[in-house]
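Examining the three-dimensional arrangement
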Amino acid sequence: MTAGATPLAPAAAPRRRGIPDSALGVAGLAGLVAMLELIPRAGLADSRFLPPFSQMASALADQLDSPAFWQALGSSLRGWALGLAIAMGAGVVLGIVIGSIPALRAATTSTIEFLRPIPSVALIPLVVLLFGSDMRSTLILVVYASFWQILVQVLYGVADVDPVARDTARSYRFSPWAQVRTVIWPTALPYVMTGFRLAAAVALILEITGELVIGSPGLGKSIAVAQSSGAVTTMYALVIVTGLIGVAVNLIARRAERRVLRWHPSVRGEVPA
Amino acid sequence: MTEPRQGTDVTDSSATLTDPAAPMLDVRGLKKVYTSGKRSVEAIRDLTFSVGAGELVCLVGPSGCGKTTLLRCISGLLQCTAGEAALEGKRVSGPPPGMAVVFQEYGRSLFPWLTVWQNVELPLKEKKVPRAERKRLVTDALAAVGLADSHTAHPWQLSGGMQQRVAIARAVAYEPQVLLMDEPFAAVDAQTRADLEDLVRSLWQRLGVTVLFVTHDIDEAVYLGQRVIVLSNSPTVVLEDVIIDLPAERDQLTTRSLPRFAELRAHVYERIQQAKGGHRPAGVESDA
Amino acid sequence: MTSTIGVARRSESSLLIAWAKRALLVLGLPIVLIVAWWLATANSTSFYWPPLRTILEVFGATWFEGRMGTDVAPSLVRLGAGYALALVLGVTVGVAVGSSPTLRAVVEPVLEFFRAIPPPVLVPVLILFAGIGDGMKVLVIVSGAIWPILLNTVEGVRSIDEVLRDTARCYRFRRRARLLHLVLRGASPQIVTGARQALSIAIILMVISEMFAATNGLGFSIIQFQRSFAIPQMFSGIILLGLIGVALSLLFRVVESRAMAWHRGLHHTQRGGN
């Protein structure tokens, strides 16, 4: 880590610096780029393994010109979005059903707690066996991994429903559907959005992982191909692309969360689960 | 209990040695301007007052008059823009030894991961008080605030008033020469508040510690203090230094029903109302 | 708390019933699912779905006769080493970054970028530098698991209560006490959250790094079974991996509930409303 090299602010530093944070952030990124350029050029790292940043950038430019890259990018994003959508739908529906029926909740808790920590990558050999390197293999991994994130958050959300509000709804003989719409859903919504944000990141990781290991079409596969054919600069360029997609996914998920919850009284932190 | 301590790293080396005639706490021409970007806000204009050793002085002022800023400057948590605060003749440039602060936010000033006992003991460990002495000090302090039975509880298991008692015990066990209290009872209920006021009076009388008590409650200030310093609205100056000539033995019922208490209370109240209206002492221009 | 005392006073038989009810709730569905799997595959002739009985029969022979030492132990050692290193580095750097607003502003975008890279793509990158030995695998685990710990530590240090900081300054805490009693304890709820996320990432990376390039290890063995169509053995490996995941998360929870009892209590009283 490079933290030690950067000058520290004075110890008592709540005082304003005068330089806006965004400028410092840009400076930090520029510093990273400069380091990536200078370290291989100065011979501190083997440039066969870590090419200078300028070469990565030109490889990236080449990629942007090639239709294969856009195809791979499209496959990755499609797989990610589809997997996330399936997990979201299944997680929300099951979460609300299980969460609002106490007996069901009690009976499933141990099973959920057991299945959740099973690493999704353990399924890789099984899905390869069943579907080969088809995109369905990766899709299953994506759905499995992101489903738990959403389910658990929805369960927290339903558990958070004010008992008085729920009793009120019952005493006015609201139909189950009306109860879900007017009492459970509004309370659970912040949790659903938290689950969405966490699941969006997890889904991307598993999408790329699946492509990388299983060889289903997408950026992960391109990275594996670049690595095995010794195209190191291309590989770095693609790694940078996955990082940028990750940043974009995080930003979009956070913005969506804030947008949906703008009206909500409790814009809240995530449940440490 | 309050022998003078040796000079330390935090006080200015250029300052003179302890002057026996110097007041315990001396605030001279203190000024604080907050600047953020191009905007600057003058919180404190020019404050001068002093507190003698063993005195109990209350600071009152209209809300938003910079009381907390002042306290943070005196305690060395904040650098003042001009002027100085001095403890026993030595300029304060960081939290000095021999000073303890009780904050208003009792729930936030106690370490939630430590027990009551550990909360009181930790500052003593940092002061390198030997183990046996530490044990005695913590036991005594917790007994003095009526928490002898709650050693192993965590702060959040106690009521608000009890949490503030822990914070007071921590300050008392530290054996400070000066105890600063920043609206310590603003967030507790009225009954608890009365109990805690009496607790502060009795601890002060027993230990001979110098107390500077900041409050926005006029009754509280008059009931507790030997002097009440009335502050103007921001940018803050001293409006009046009122001597509280009530008997030393005070209790909630009789003291508060004395005619003199009512007079003093009315007087301070009047001054505060003037302060809210923007009145400032002669010679100090208001820029409002 | 009081309800347990109430239960203890009741007669033994009702205590037994309460126990049985609990056991039924905890074990009921898992047993039903396992039995369903057992019955559904009992007469299975499908090559891909061998009977559960066969899987369990080969389980012992597959893992306890040799592979425990040659494959499982190395995997777990690499996991432990990588995770521990990620914790130490993540918390150390996180405290440094979190303590300085300027440093934080400078490095935060860089850290956000590194965190956003899906960790498994670092496997081919790190193979370049570290080959395919144990060093590479530990490095892969560190490089993926460090980010949630680091970023959560930064957030935790940043959000330490201002009044608590003032208290530590007023009582003139020395550097060591400030670090131990204020910064690390104060940031510990977020550090734990980060460590929990990091644990599942570390397990994923342990498996991936072995599937990608290795000569031993759990991930390697499972992929070998799949490639050689040793299907019952492959299933037994998936089950073992699942059990390890569950065991580690249980272990994490035990450690957490010990270390963070104060946080649960505090949170509880705050939510209860004072």
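Residues numbered from 1 in each chain as written. Chains lettered and ligands numbered in written order. Predicted model: local features only at pLDDT ≥ 70, side-chain atom pairs only at ≥ 80, totals over all residues.

Our next topic: the overall build of chain C. The helix and strand inventory of chain C stands at twelve helices and zero strands. Compactness check: chain C gives a C-alpha radius of gyration of 24 Å against a globular reference of 19 Å for 274 residues, more than 25% above the reference. Expressed as lengths along the three principal axes of its C-alpha atoms, the size of chain C is roughly 75 × 70 × 30 Å. When each of the 274 residues of chain C is scored for burial, the buried share is 44%. Here the contacts in chain C between residues at least 6 apart in sequence split such that 73% fall between residues at least 24 apart. (Helix = DSSP H or I, 4+ residues; strand = E, 2+ residues; numbered from the N terminus. Rg over C-alpha atoms; globule rule 2.2 N^0.38 Å. Buried ≥ 20, exposed ≤ 12 C-beta atoms within 10 Å, placed from the backbone. Contact = placed C-beta atoms within 7 Å.)

What follows deals with the overall build of chain A. Along its length, chain A carries ten helices and zero strands. Along chain A, helices and strands appear, N-terminal first, in the series α-α-α-α-α-α-α-α-α-α. In chain A, which comprises 273 residues, the share counted as buried stands at 40%. Partitioning the intrachain contacts of chain A with sequence separation of at least 6 by distance along the chain shows that 73% fall at a separation of at least 24.

The next thing to look at is helix α5 (residues 124-131) of chain A. Within α5 of chain A, burial applies to Ile124, Pro125, Val127 and Val128 of chain A. Seen along its axis, α5 of chain A keeps its buried residues to an arc of 165°; they face one direction. Packed against the buried residues of α5 of chain A are α6 (135-159) and α8 (176-214) of chain A together with α9 (175-212), α10 (218-227) and α11 (231-259) of chain C. (Arc of directions from axis to C-beta.)

With that settled, the discussion passes to the pairing of strand β8 (residues 210-215) of chain B. All names here are of chain B. Most of β8 sits out of view: six of its six residues are buried. Where burial is concerned, the two faces of β8 agree: the one with Thr210, Leu212 and Val214 and the one with Val211, Phe213 and Thr215 are both buried. Where strand β7 (residues 178-182) lies against β8, five bridges are found, and the strand directions are parallel. Bridged to Met181 within β8 is Phe213. (Pairing = 2+ DSSP bridges.)

What follows is about the interface of chain A and chain C. Tallying the contact residues gives 52 residues for chain A and 53 residues for chain C. Per element, the largest residue contribution to the side of chain A that touches chain C is eight residues, and it comes from helix α10 (residues 232-260) of chain A. Across the side of chain A that touches chain C, the residue classes break down as 37 nonpolar, 13 polar and two charged. (Nonpolar A, V, L, I, M, F, W, Y, C, P; charged D, E, K, R; others polar.)

For helix α3 (residues 116-126) of chain B, the set of buried residues is Val116, Asn119, Val120, Glu121, Leu122, Pro123 and Leu124 of chain B. Buried positions along α3 of chain B lie against α4 (131-144) and α5 (160-173) of chain B together with α9 of chain C. Directly beyond the C-terminal end of α3 of chain B, a positive phi value near 60° is found at Lys128 of chain B.

Turning next to the packing of α3 of chain B against α5 of chain B. Residues and elements named next belong to chain B. The contact between α3 and α5 brings their axes to 9 Å, and the two run at 30°. Comparing the axis directions of α3 and α5 gives the class roughly parallel. Read as a crossing pair, α3 and α5 show a hand that is right-handed. For the pair formed by α3 and α5, the contact residues are Val116, Asn119, Val120, Pro123 and Leu124 on the first element and Val166, Ala169, Arg170 and Ala173 on the second. Residue composition of the contact of α3 with α5, by class: seven nonpolar, one polar and one charged. (Axes fitted to C-alpha atoms, helices over the stretch in contact; angles between N-to-C directions. Parallel < 35°, antiparallel > 145°, perpendicular 65-115°, else oblique. Left-handed = near helix turned anticlockwise from the far one by under 90°.)

So, about the sheet that holds strand β10 (residues 236-243) of chain B. Sheets are built from strands that pair by backbone hydrogen bonding, the pairs being arranged parallel or antiparallel. Residues and elements named next belong to chain B. Ordered in space as β5-β4-β1-β2-β10-β9-β3-β8-β7-β6, the ten strands form an open sheet in which the pairing is mixed. Every other strand in the sheet has two partners, leaving β5 (90-91) and β6 (99-102) as the edge strands with one partner each. Where strand β3 (residues 56-60) and strand β9 (residues 227-231) come together, four bridges link them in parallel fashion. Pairing of Cys58 across the sheet is with Val228, part of β9.

Our focus in this paragraph is the confidence of the model for chain C. Residues and elements named next belong to chain C. Taken residue by residue, chain C gives an average pLDDT of 87. The fraction at 70 or more is 95%. In the model of chain C, helix α1 (residues 2-9) stands out as the element of lowest mean pLDDT, 49, in contrast to helix α4 (residues 67-99), which has the highest, 92. When the criterion is pLDDT under 50, residues 1-7 qualifies, and its contacts beyond four places in sequence or with other chains add up to two contacts. Across the interfaces of the predicted complex, the ipTM metric reaches 0.82, alongside a pTM of 0.83. (pLDDT = per-residue confidence, 0-100.)

With that out of the way, let us pick up the nonpolar core. Residues Ala203 of chain A together with Ile141 and Ala202 of chain C are the most contacted members of the largest nonpolar core, which totals 224 residues. Residue contributions to this core peak at 19 residues, all from α8 of chain A. Split by domain, the residues of this core number at least three in each of domain 1 (9-98 + 177-280) and domain 2 (112-175) of chain B. With near-sequence residues (within four places) excluded, Ile141 of chain C lies in contact with Arg78, Leu79, Gly82, Tyr83, Ala86, Ala202, Leu205 and Met206 of chain C. (Core = buried A, V, L, I, M, F, W, Y, C linked by C-beta atoms within 7 Å. Domains from an automatic or database assignment.)

Here we take up the environment of Ala213 of chain C. Residue and element names in this part refer to chain C. Here Ala213 is to be found in the loop between α9 and α10. Residue Ala213 is classed as partly exposed on the basis of its C-beta count, with 16 C-beta atoms lying within 10 Å. Sequence separation between Ala213 and Ile132 is 81 residues; the distance between their C-alpha atoms is 6.1 Å.

Residues and elements named next belong to chain B. Here Glu175, not a glycine, exhibits a phi torsion of approximately 50°, which is positive. Residue classification places Glu175 among the partly exposed residues on the basis of 19 C-beta atoms within 10 Å. One non-glycine residue with positive phi stands out, namely Glu183, at about 40°. Looking at the secondary structure, you find Glu183 in the loop between β7 and α6 (190-207). Owing to 21 C-beta atoms within 10 Å, Glu183 belongs among the buried residues under this scheme.

What follows concerns the environment of Ala237 of chain A. All names here are of chain A. Position of Ala237 relative to the elements: it lies in helix α10. In sequence terms Ala237 and Ala90 are 147 residues apart; their C-alpha atoms lie 35 Å from each other. Setting aside chain neighbours within four positions, we find Ala237 in contact with Met56, Ala59, Leu60 and Gln63.

Here we take up the packing of α4 of chain C against helix α7 (residues 134-158) of chain C. Residue and element names in this part refer to chain C. Direction vectors running N to C along α4 and α7 enclose 35°, while the axes themselves pass 6 Å from each other. In terms of crossing hand, the pair formed by α4 and α7 is right-handed. Among the residues forming the contact of α4 with α7, the class breakdown is 20 nonpolar, seven polar and four charged.

Bringing the pairing of strand β4 (residues 82-87) of chain B into the picture now. Residue and element names in this part refer to chain B. Summarising the sheet, strand β1 (residues 25-36) and β4 pair through five bridges and their orientation is antiparallel. Each residue of the ladder has a partner; that of Lys31, found in β4, is Ala82. Taken together, the two bridges between β4 and β5 define a ladder with antiparallel strand orientation. Bridging from a neighbouring strand, Leu87 pairs with Lys90 of β5. From the end of β4 to the start of β5, which pair antiparallel, there are two residues, and Glu88 there has a positive phi angle of about 50°.

A few words now on the environment of Ser202 of chain B. Examined against the element boundaries, Ser202 of chain B turns out to sit in helix α6. C-alpha of Ser202 of chain B to C-alpha of Glu249 of chain B: the two residues are 47 residues apart in sequence and 9.4 Å apart in space.

Atomic detail in the predicted coordinates should be set aside for any region of low pLDDT. Residues and elements named next belong to chain A. Here chain A averages 84 in pLDDT, and 89% of its residues register 70 or above. Per-element confidence in chain A is highest for helix α3 (residues 67-100), whose mean pLDDT is 94, and lowest for helix α7 (residues 163-171), whose mean pLDDT is 82. For residues 266-273, every residue scores under 50 in pLDDT, and the model assigns this stretch eleven contacts once sequence neighbours within four places are set aside.

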